[in-house]
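Descriptive analysis of the structure
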Amino acid sequence: MAKVPDAFLKPVDIIGWGMSVPKSVRDNKYFLPFTPYKTVAEVFRRCGVRERRVLGSEEWTADLATEAAERALDKAGISAQRVDHIICANTLPDDLAYPISSIVQKNLGAKQAAVMDVRAACTGVIKALVVATCLIDSGSYSNILVIGAETPSRLYEEAPRVAMLFGDGAGGVMLTRSERRKPWVFKMGDDGNLWDMMRRPFSGDQTVVFQGPRIFKEAVETMVRTTSEVMEKARVSLKDIKLFVPHQANSRIIKSVAQRLNLTDKLGRLKRRVFMNIEKYGNTSTASIPIALTEAADAAGLTLTTNPPGPILETNEYVHTTSEGAYLHVSAPEGTVFAALVPFHREVWIAADGSGRLIQTGGEPVFLTEQDRAIWETAGRPAIATSD
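Described below are features of the structure shown in this document.

Calculation rules
Residues numbered from 1 in each chain as written. Predicted model: local features only at pLDDT ≥ 70, side-chain atom pairs only at ≥ 80, totals over all residues. Heavy atoms only, no water. Helix = DSSP H or I, 4+ residues; strand = E, 2+ residues; numbered from the N terminus. Buried < 20%, exposed > 50% of the residue type's maximum accessible area, 1.4 Å probe, protein only. Contact = heavy atoms within 4.5 Å. Salt bridge = Lys/Arg side-chain N within 4 Å of Asp/Glu carboxyl O. Arc of directions from axis to C-beta. Polar contact = N/O pair within 3.5 Å; in protein donor to acceptor, adjacent residues only side chain to side chain. Phe/Tyr/Trp six-rings, centres within 6.5 Å; stacked < 30°, edge-to-face > 60°. Lys NZ or Arg CZ within 6 Å of the ring centre and 35° of its normal. Core = buried A, V, L, I, M, F, W, Y, C linked by side-chain atoms within 4.5 Å. Expected span 1.5 Å × (residues − 1). Axes fitted to C-alpha atoms, helices over the stretch in contact; angles between N-to-C directions. Parallel < 35°, antiparallel > 145°, perpendicular 65-115°, else oblique. Left-handed = near helix turned anticlockwise from the far one by under 90°. Nonpolar A, V, L, I, M, F, W, Y, C, P; charged D, E, K, R; others polar.

Things to note about the overall build of the protein
- A tally of regular secondary structure across the protein gives 11 helices and 14 strands.
- When the 388 residues of the protein are sorted by exposure, 57% land in the buried category.
- Expressed as a percentage of contacts within the protein between residues at least 6 apart in sequence, the contacts between residues at least 24 apart total 75%.

If you want it as structure tokens, here you go:
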């Protein structure tokens, strides 16, 4: 793994993460009458979802976003008064004229924080991260909360056969200015020709359009292709990745991507390093990335005082026009790498710690800088664990 070019180094760290899902659970039995299937088992085999969380009648998207933000702040050890910007990605806001980020600001008591909402469905949270890292790099801001919050259950009555794939939830990460500059590489693009694969107009005919077979094909092909691009941009390979976390869109998409990336065993089962939680939550759209990141980090027992498992690649895909990818490093001893990837939009975000931590596992370690190597040497050249 080669050194990332200095031009991509930014003084930005991710130091906290958190998630929130509603208490109410809706299983496949509720949706069975709206499908061509005869049993709930058939529904599960088709999409990989057993249940999804649903917002209550007295709850709001902003409530989930606020709770996820509070948990990210708690993990980071930063008070709400120190947050100077809040960016929230969402598709179905509580109010078209009032951003969710503004409501979160009020709920947290972060009066000094600027606010902004981003709307790009599943890819929104990475777009928010692109904006956040640039704002911190500019020197204008030091502590930025990035949140993804979605409540697609609002479409359950309108299009239940499509809505059964989705669930409500929110996740967030805390970004802060770092003393060291770390690699953050972006590659952005779009394919407007795919705009009609999934849509729901605000006016006129508001029928939900969802071209399942076309979405499946485009998602798999683009996710595999963009994975290679992300790895090339980050100068790593899948052998360097300890945990692969796909966007939880559909279990068949995840398995197809994993198979083409050689992340399945001889029997076609996912390897241990492929993370999947869609069974519990369904597709939470733009909340999928931070929810998956939070669960992966918490499952590994990752804190700022414990050892992480090693590099993690996270992929994400959006059903029509936009996509993003990311390879990132979370601030923690020994340095854990998280990454996110979304096809169609072909947007890439890369980040790595670079604070004297090992980046590669197995064989001779590769460091971002000679200073990192010197720190490793001073520590007594600790061994690097390997795993599947």
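Section: the environment of F44
- Here F44 lies in helix α2 (residues 40–47).
- In the structure, F44 is positioned 16 residues away from N28 in sequence and 7.6 Å away in space, judged by C-alpha atoms.
- With residues up to four places along the chain from it excluded, the contact list for F44 reads N28, V49, R50 and E279.

A word on the environment of K75
- Within the secondary structure, K75 is located in helix α3 (residues 61–76).
- Residues K75 and W17, spaced 58 residues apart in sequence, show a C-alpha to C-alpha distance of 6.4 Å.

Observations regarding unusual backbone geometry
- The phi dihedral of A121 is positive, around 50°, even though this residue is not glycine.
- Its place among the elements puts A121 in the loop between β5 (114–118) and α5 (124–137).
- Look at A121 and you get buried, because its relative accessible area is 10%.
- Despite not being glycine, N262 has its phi angle at roughly 65°, a positive value.
- On the secondary structure map, N262 appears in the loop between α8 (251–260) and α9 (278–281).
- Relative accessible area serves as the criterion here: at 53%, N262 is assigned to the exposed category.

Some details on the environment of G77
- Of note, G77 is situated in the loop between α3 and β4 (85–89).
- Taking the C-alpha atoms as reference, G77 lies 8.0 Å from G16; in sequence the two are 61 residues apart.

A closer look at the pattern of salt bridges
- What the rule picks out here adds up to eight salt bridges.
- Notably, a salt bridge pairs R50 with E279, separated by 2.7 Å at the nearest N-O pair. With R50 in the loop between α2 and β3 (51–53) and E279 in helix α9, this pair connects stretches of sequence that are 229 residues apart.
- When its relative accessible area of 43% is taken as the criterion, R50 is described as partly exposed.
- Exposure remark for E279: the relative accessible area of 37% places this residue in the partly exposed category.
- Linking D265 and R269 is a salt bridge whose minimum nitrogen-to-oxygen distance equals 2.8 Å.
- Each member of the salt-bridge network shares a partner with another, and the members are K10, D137 and R181.

Focus on α8
- Every buried residue of α8 is accounted for by S251, I253, I254, V257 and A258. The buried residues of α8 occupy one face: seen down the axis, they fall within an arc of 160°. Exposed residues on α8 whose side chains face more than 90 degrees from its buried face are Q259 and R260.
- Structurally, α8 contributes buried residues whose contacts are with α2, α7 (212–234), β10 (243–246) and α9.
- Near the N-terminus of α8, the side chain that reaches the backbone nitrogen of R252, with its oxygen 2.7 Å away, is that of N250.
- Backbone geometry just after α8 places N262 at a positive phi near 65°.

Some details on the packing of aromatic side chains
- Inspection of every chain in the model, using the stated rule, returns two aromatic pairs.
- Taken together, the ring pairs in this structure connect Y30, F31 and F34 into an aromatic cluster.
- Its end group placed over the ring of Y30, R26 keeps NZ or CZ at 4.2 Å from the ring centre.

So, the nonpolar core
- Core analysis: the biggest nonpolar cluster contains 26 residues, and L73, I86, V104, L108, L145, I147 and M174 have the highest contact counts within it.
- Where this core is concerned, the elements lending two or more residues are α3, β4, α4 (100–108), β6 (143–150) and β7 (169–187).
- With eight residues, the top contributor of residues to this core is α3.
- If sequence neighbours within four positions are ignored, I147 has contacts with A65, A69, I86, I87, C88, A89, V104, V125, G171 and G172.
- Formed by 20 residues, the second largest nonpolar core is a distinct cluster that contains W17, A132, I136 and V173.

Some words on helix α10 (residues 288–299)
- With 12 residues, α10 extends 16 Å between its outermost C-alpha atoms, agreeing within 8% with the 16 Å of an ideal straight helix rising 1.5 Å per residue.
- Taken as a whole, α10 has its buried residues at S288, I289, P290, I291, A292, L293, T294, E295, A296 and A297.

Notes on the side chain of T35
- Looking at where T35 falls in the secondary structure, it is placed in the loop between α1 (28–31) and α2.
- A polar contact is formed between the side chain of T35 and the backbone oxygen of L32, at a distance of 3.0 Å.
- Once you skip the residues sitting within four places of it in the chain, T35 turns out to touch V43 and M164.

Details of the packing of α3 against α4
- The interhelical angle for the contact between α3 and α4, taken along N-to-C directions, is 55°, at an axis separation of 9 Å. It follows that α3 is oblique to α4 by the angle criterion. Considering only the axes of α3 and α4, their crossing is right-handed. In this structure, α3 uses T61, A62, A65, T66, A69, E70 and L73 to contact α4, whose residues at the interface are I100, I103, V104, N107 and L108.
- Taken together, the residues of the contact of α3 with α4 break down into eight nonpolar, three polar and one charged.

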